[in-house]
Each structure stands twice: as structure tokens, then as C-alpha cells.
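As a plain string of letters, each chain reads:
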Amino acid sequence: MNVVQVALDIPLNRLFDYLGDGITQDDIGTRVLVPFGNRRLVGIVIAVNTETNFAIERLKSVLHIYRDIPPLSAESLNLLQFCSDYYCHPFGEVIMNALPTRMRRTLPIPVKKYSRFCITQAGLQVNLSSLPSRAIVKRRVLQTLQENNALDQGEVTTLSPTALKTMREFVVHGWASELESTGVFTPPKTSVTTSSRPLLNEDQQLAVTAISEPALQTFQVILLNGITGSGKTEVYLHAIENIIHHGRQALVLVPEINLTPQLESVFRARFSDICLVSLHSGLNETERLQNWLLAQKGEAKIILGTRLAIFTPLPALKIIIVDEEHDSSFKQQEGLRYSARDVAVIRAKQNNIPIVLGSATPSLESFYNAKTGRYQLLTLSTRASMNAVLPEIRCIDTRRQKLQEGISDPLIQAIRNRLARKEQSLIFLNRRGYSPAIYCPECAWHSACNRCSSTLVLHLAERKLRCHHCGHEEKTPLACPTCGNPDLKPLGQGTQRVETALAAQFPDARVLRIDRDSTRRKHAWKEMLQQVRDEEVDILVGTQMLAKGHDFPKLTLVGALNVDSALYSADFRASERLFAQLIQVAGRAGRAAIPGEVLIQTQFPDHPLFEGLRKHDYTAFAHTLLTEREQAGFPPFMFQALLRAEAPQLETALNFLAQAAHLAADLPHPVTVYDPVPAPMARLAGKERAHLLVQSQSRGAMQSFLKLWNEAIPKVAKGKVRWSLDVDPLEF
Ligand code: ADP
Ligand code: ZN
Ligand code: ZN
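Per an unreviewed UniProt entry, the protein goes by the name Replication restart protein PriA and belongs to Sulfurirhabdus autotrophica. What UniProt states about the protein under its Sequence similarities (unreviewed entry) heading is, verbatim, "Belongs to the helicase family. PriA subfamily." Recorded under Function (unreviewed entry), the UniProt text for the protein is reproduced unchanged: "Initiates the restart of stalled replication forks, which reloads the replicative helicase on sites other than the origin of replication. Recognizes and binds to abandoned replication forks and remodels them to uncover a helicase loading site. Promotes assembly of the primosome at these replication forks."

Here is the structure:
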């Protein structure tokens, strides 16, 4: 009798032994149904042995083995095991959460087989009128295929009783390709656009060459740093083209698929005869399962997805592309707190294939890796399209301005000009990195921690300034410590009233607010984008959602408000994010023939961030940031992990963290353990949250430490404390 080790969705980092009659080594990676307490759970077979550490007569038997779909490959299991180890998260939970929900259920998956036909380039080029007029069926089938790109078997048979036979003849002719498919996959009904491919410019050509043979044969990380509008997408398309016609697969990760429907249609238009699937949270369970299965079988050649797509099994994976690699939505903020970008790099390494990380403003981690030679840096430094020039970026010094509801006169004037010229304006509100710090309007002093150089956060009720990084506390000063000015001010006021203020200022203008709330409804976002393109909107107001990848030809002015709180934030990454966002949002202005203008309201126009922005110089600013980070001992020069805790009482959470800090001090590894601190938003959903930061110069040391610590912590986690480890945290 074989003993089967099963991974289950249980918060314990171990496997569970069961008796498995007829289950062999070949079943590793297969789903099984097992009894667990008084429940029945679906798990995955990880190992099959002949012995067990438990009394064999007490083991229960596997209830069912699902042979409906192929098992998870060793490659997939390795990647998931890596994530479990690296992020200190139970293996069973990691595996089960990587699967489509439908596969975690106890019902087997019904599998149907049918054929699916895609048009080929040759088929597209056939002129219908060149076919003999009596070949009615032939004409009808080809025309329908040309109009739809792809048809499934059922659709073909409805055309004529002999249509399927005709279609198979097309396959022999090379006009169509036939795929055997699973499930009820309906091909996208996009009309065929033989998308014209632009001639690559010199930068693009260099980049494409670097991602062609022989580079495709080995693991390599390519950082593609291209300014907005430089044509990074065209480079991705060529890189994929190089591999796709040999039956290989490409995985393309994007931050949020709802924000980049354009990318999907660009890909579909270019690869009309290739099976492309998307994987993101907007799909229903069945769609997600079907797309996942097409990918696992190697039928889908291009997989376009958000962070969860990184775990899709891909037997013929040959290249990974991560677009907007700096985007923080690649990091999952709950459960397994993984970074899909980092996992993608590991996956490329395990598979010995190249990976392209693209961005106008790479994360400092990636930039540093390129600088130290671990990644290969490729740069696209000009806008691809001839008539698109970069917008002019200027600061409005708000110390010299009277603001009306947070908006300065020059900005109002600039909007008025646009209205007169029937052009569009976008008012961008920065919301990220908000934490009330104080500053002096006279001499620009701001509250910084002298223990760790992070910004101190104002806690009004206690009249204290607190460092959310190291735990240091001090009394709020009554006057500026540098110049004595008694009138210290908080950084970053609320901005909710901007929309109303604009509407009052410009009663005839059509103002549209775009943010998470206004776009919650299913097609709202698409409709709003269309409204903007149809010029039914004069002034757009919005947050970072607006910044990403959309072309609005009539948009010529961007105004940015409320940016200062991010310059001196308790979150040391706030200025990196602000720079990225302002570059993105500036990239929206002047995409077509009309040059754009960007106006940023700030109290600190001399800050190096704005200098970098004015010159459109990411690299210069990145170097400044790197120097700061090195001096302060922050990532990428340090590796961090955060022990997060929440409890009904703040004290409970802090006590637990203090005990965990004690445990850490006794462990034999060179990591710095800071004091427990309340989280910046300490109270959330009725729970008090706090955390404890540990830091090390060595990733290896950090990893060995975390392994031991993670095993020890449960001993001190008593009562109502919930805790989790966040390795390489992005938010505090
Ligand atoms: P990015 O992603 O780098 O911001 P895009 O890939 O969106 O830039 O490209 C910007 C625009 O330039 C697109 O409209 C694209 O079709 C166009 N484009 C890309 N490459 C070229 C080229 N070589 N010649 C002309 N236009 C190009
Ligand atoms: Zn500090
Ligand atoms: Zn001062």
C-alpha cells in the first residue's frame, strides 16, 4: 500500500499522509479528495512513498483521485515550493491558492474535446473574389473565418453540413490552423485588423536584437527602460514573434488588466492566428479555468495576465515579459505576500529563459540590479511616433500663491486656456504616501527622525511625532527647530473638494471624476475612456488610475495637486512612487500633434525630484535616490521583512511583537531587529495593527533567520493576535 503525501489548504507548513491505493509516482501533482477531521478537502499529491512516520494502521485513505486534467508539473511545484520557502508561507496554502477556484472544489471538471480553427496569415491574404463563384461553401467558410479570426467546431458546422470538411481542407492548404481544445472556449470575436507594423527605430531595433537568438537560449534579465511613448510594446511584440512560431509560449504580466484593455487588443490584432488567453480577476470562474487549462496544455501561446497569472503552468514557456515592472500592484498585500515580478524572475531562472522588465521608471531594486550588472539595461530614449514630443513640465510654487480650494491661479488660467481651445485638461491628485508630517513654510525644515532619517509622523491627539520605521518618539516642537518660526504646518491637506471646486470655477465645463469609486460598475471604466476620446469631457479629475497607458489625443494639460506629502513621507518609497506616477501622468499630455504641458503645485520646487522631472531624467533622479537609500540603509541596499500583527487592542499586538523581537534577538543571525511600532493606519476595520521591522544586508542571512523565526513565533502568539510575515514589504 502506498503512502501519499498531500498538500492541503491548511495554515500549517507540512504535508499530510494518506493511504493511496493505486496512486503512483506518476500521480504527483494530481488533485485528490481526502478526509480531514470531519471535512473533506481537495489537495495535491506531492510525494508517494512506501513508509510513513505515523502508525500506518491509523492513516486514512484517499477518497478520490481526479484524473480529469493533467497533473501539475514538477516545474510548477518547484516554483510554488520556492514561494513557500521564500515568503515563509505554508506550502499547501501556496499551491491551492495558485489554482483557479474551480479546481479547489470537490466536483470533477467536465472535459470536452473539440476543434478550434484559427485564420493564418496566408488565409487572411486570400482574396474572396479569387475563389470560383460556384464554391459557395468555401467562400462562406473563409469569409466567416476572416471576419472572426477563429471559429470553434460548433460554429463551423452551423455554416453548412459540409463546412467542417471544407475547413479541414483549408488547414491542409495552410489557410487555417486547427487546435484541439478543452472545455467551451469561445474565441474572441474581434474583427480582423491586419495591424500595420511600424518600422522599428534604432533604439527599438537594438532592444529587439538583444532579445533574439542567441539570448533566448539562457536565463537573462533585461531591463527595458523606455520613456513613455517610446514604443516598448512594439519591442515586446517583436520579442514574442521571435519565439511564438516555434510552438513556444510567452507570458506577459501587466499591473491591472482592466486598465490596459488596449494592450490586449494590440496583441490580438498582431497575433490574429495565435491562441491568446487572458488571466485576471475580472474573469468568471469558468473562463479562468478554461484559460488556465488552455495554457497548461500548451494550446494557448500567449498568456496575458495580472499577478496571479505568474503561477499558470506553461509547458513551453520561452519568454516572460513584465510591463510596468515598477508597479506596486504586482505585490500581493494579503495571504501569500508575493511579488509577481520577483517570482517571474525566479521562474525565468528556473526555466533558463529570458525575462524582460519594462518601465519608464523602473523600481530602484531593478535599476540597482542593472547598475551592478546583474540585469542588462536597454534604453529607449525617444518617443517612437514622429510628431509626439515630450510635454514641458513646470512647478508652481504654492508658497507664493493664493490657493482657491487647493488650486492656484496659474493652473486655473491654464485650464481656462484649454477650454477656450477645446482641448482637455487632467487634474491628478496624489493620494499615495499620505501621512501627516509637519514642516516649516519659512525655511522648508521638516520633521525627520534623527535615528533613521525617515520622516516623523504627527500624532495630533498625543502631541507627538513618531517614527514609523524605528519606533523613535518625540514631543511635537512648538516652533521650527531651525529658524524659530512658530507657525509650523502639516503637509498634505485633503483634496476631496477639487471636483466641486472645478465645477464651481468653470460652470460650463464638463468635469468627469475617475477613481475607484466612480469606476466600480462593470463597464464604467471603458465608457469613461470612450467619453474622453469622443471629447465629451473637458476636465478630468482623478487618481493614479488615470496615469496608465491611455492615449487621449486632445489632452494637452496635466495639473498635479497634493504631491508634497509624498516628498517627505514616513514611507521611504513614497518619492520613488511619486516620480513614477508623475512621469506616467505627464506621459498622457501631448501624445498627438499638440504639445503638452504639465504643471505641478508644490511648496518645494527645488526638490531633486522636480529637477529630474523637468528634464525627464529618470536616471539622474534614480541615482539621487540610490545615494539617499544607501546612506539611510534602506532597500535595495538592505533586505527587509516585516512581522505584522493585528489584535482588538493595540497593546496586545505590541506585546506580541515585543516577545517576537526577544525571540529574534536569541537567534544566531546578523539581522537588525527594530522596536515594534503601530502601523501608519493603526486602526483598520476594528482591529489595531502594528509591526516590527527586521533588516539585513544579506538576503541569505535574512532567509536563514526568517526560517527559524517563523518556526519560533507561534510559541508567543497567544490570544487574539493574528500575525503574518511580509518579506520584501512594499508598504508599511
Ligand atoms: P510605451 O509603452 O513605451 O509608452 P507605446 O508602445 O504605447 O509606448 O508606443 C507609443 C506609440 O508609438 C504607439 O502609438 C505605437 O504604435 C507607436 N510606435 C511604436 N513604435 C513605433 C515606430 N517604430 N514607429 C512609429 N510609431 C511607433
Ligand atoms: Zn527612526
Ligand atoms: Zn524654519
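That covers the picture; the talk isn't over yet.
Q: Explain the pairing of strand E32 (residues 687–696) to me, please; I cannot follow it from the model alone.
A: Here is the key point about a regular strand: its side chains alternate between the two faces of the sheet. Pairing analysis gives nine bridges linking strand E29 (residues 639–647) to E32, with the strands arranged antiparallel. From the neighbouring strand, phenylalanine 639 faces E32, where its bridge partner is serine 696. Looking at chain direction, strand E30 (residues 672–673) and E32 are connected through two bridges and run antiparallel. By the bridge assignment for E32, valine 673 is matched with valine 694.

Q: Please explain unusual backbone geometry as it appears in this structure.
A: Among all residues except glycine, the phi angle is most often negative; among peptide bonds, the trans geometry is most common. Backbone torsion omega between glutamate 213 and proline 214 reads 0°, so that peptide bond is classified as cis. Looking at the element boundaries, proline 214 is found in the loop between helix H7 (202–210) and strand E9 (220–226). For the peptide bond that leads from proline 635 to proline 636, omega is 5°, which places it in the cis range. Residue placement: proline 636 occurs in the loop between helix H19 (618–632) and E29. At alanine 444, a position not held by glycine, the phi torsion is positive, near 65°. Mapping alanine 444 onto the fold places it in the loop between strand E20 (438–439) and strand E21 (456–459).

Q: What should I look at first to understand the site of ligand 1 in this one?
A: Contacts to ligand 1 come from 15 residues, most closely from Pro198, Gly231, Lys232, Thr233 and Ala384. Residue contributions to the shell around ligand 1 peak at three residues, all from helix H8 (residues 232–244). Classifying every residue of the shell around ligand 1 by side-chain character gives four nonpolar, nine polar and two charged.

Q: Would you mind going over the domain arrangement of the protein with me for this structure?
A: The domains assigned to the protein are domain 1 (2–75), domain 2 (113–182), domain 3 (202–380), domain 4 (392–435 + 492–625) and domain 5 (639–727). Look at where the C-alpha atoms of domain 1 and domain 3 centre, and you get two points 34 Å apart. For the side of domain 1 that touches domain 3, the residue count by class is three nonpolar, one polar and one charged.

Q: How should the environment of glutamine 649 be read in this particular structure?
A: In this fold, glutamine 649 is placed in the loop between E29 and helix H20 (650–666). Classification of glutamine 649 as partly exposed rests on a count of 13 C-beta atoms within 10 Å. As a C-alpha pair, glutamine 649 and glutamine 350 span 299 residues in sequence and 44 Å in three-dimensional space.

Q: Sorry if this is basic, but what is going on with the sheet that holds strand E12 (residues 302–305) here?
A: The pairing of strands in a sheet happens through backbone hydrogen bonds and is either parallel or antiparallel. If you trace the seven strands from one edge of the open sheet to the other, you get E11-E12-E10-E13-E14-E9-E15, paired in parallel fashion. Unpaired on one side and paired on the other, strand E11 (276–279) and strand E15 (376–380) mark the two borders of the sheet. Sheet twist, expressed as the mean angle between neighbouring strand axes with direction ignored, is 20°. Here strand E10 (residues 249–253) pairs with E12 via four bridges, running parallel.

Q: Before we go on, may I ask you to explain the sheet that holds strand E16 (residues 392–397) in this structure?
A: Within the open sheet, the six strands sit side by side as E16-E28-E27-E19-E26-E25. Their pairing is parallel. The sheet is open, and its two borders are formed by E16 and strand E25 (511–514), each paired with just one other strand. Between one strand and the next, the sheet's axes are offset by a mean angle of 20°, whatever the strand orientation.

Q: Explain the pairing of E12 here, please?
A: Residues Ile302 and Leu304 of E12 are buried on one face, and the alternating residues Ile303 and Gly305, pointing to the opposite face, are buried as well. When E11 meets E12, the two strands line up parallel, connected through four bridges. What sits directly across from leucine 276, in E12, is isoleucine 302. This β-α-β element, E11 to helix H10 (residues 285–296) to E12, shows right-handed connectivity.

Q: Would you mind showing me how to read the nonpolar core here?
A: One broad trend across soluble globular proteins is that nonpolar side chains are buried collectively. Formed by 201 residues in total, the largest nonpolar core has its most connected members in Val6, Val252, Leu253, Ile302, Ile303, Ala344 and Ile427. With eight residues, the single largest contributor to this core is helix H17 (residues 574–586). Ignoring any residue separated from it by four or fewer positions in sequence, one finds isoleucine 302 in contact with Ile240, Ala250, Val252, Phe267, Phe271, Ile274 and Leu276.

Q: Just checking my understanding: could you explain the environment of threonine 482 for this structure?
A: Structurally, threonine 482 can be placed in the loop between strand E23 (473–475) and strand E24 (489–490). On the basis of neighbour counts, which here come to 12 C-beta atoms within 10 Å, the residue threonine 482 falls in the exposed class. Residues threonine 482 and histidine 446 lie 36 residues apart in sequence; the distance between their C-alpha atoms is 9.7 Å. Once you skip the residues sitting within four places of it in the chain, threonine 482 turns out to touch Cys440, Cys443 and Trp445.

Q: Got a minute to help me understand the UniProt feature "binding site: Zn(2+) 1" (unreviewed entry) in the protein in this structure?
A: Mapped onto this structure's residue numbering, the UniProt feature "binding site: Zn(2+) 1" (unreviewed entry) falls at Cys440, Cys443, Cys480 and Cys483. The greatest C-alpha distance among the annotated residues, which extend across 44 residues, is 8.7 Å, indicating that they converge on a single site. The exposure class assigned to cysteine 443 is partly exposed, which follows from the 13 C-beta atoms found within 10 Å. Excluding its chain neighbours within four sequence positions, the residues that come into contact with cysteine 443 are Cys480, Thr482 and Cys483. Assignment of secondary structure puts cysteine 483 in the loop between E23 and E24.

Criteria and cut-off values
Residues numbered from 1 in each chain as written. Chains lettered and ligands numbered in written order. Predicted model: local features only at pLDDT ≥ 70, side-chain atom pairs only at ≥ 80, totals over all residues. UniProt positions renumbered as here; feature names shortened; annotations may be inferred. Pairing = 2+ DSSP bridges. Helix = DSSP H or I, 4+ residues; strand = E, 2+ residues; numbered from the N terminus. Near = placed C-beta within 6 Å. Nonpolar A, V, L, I, M, F, W, Y, C, P; charged D, E, K, R; others polar. Domains from an automatic or database assignment. Buried ≥ 20, exposed ≤ 12 C-beta atoms within 10 Å, placed from the backbone. Axes fitted to C-alpha atoms, helices over the stretch in contact; angles between N-to-C directions. Right-handed = clockwise from strand over helix to strand, strands pointing away. Core = buried A, V, L, I, M, F, W, Y, C linked by C-beta atoms within 7 Å. Contact = placed C-beta atoms within 7 Å.

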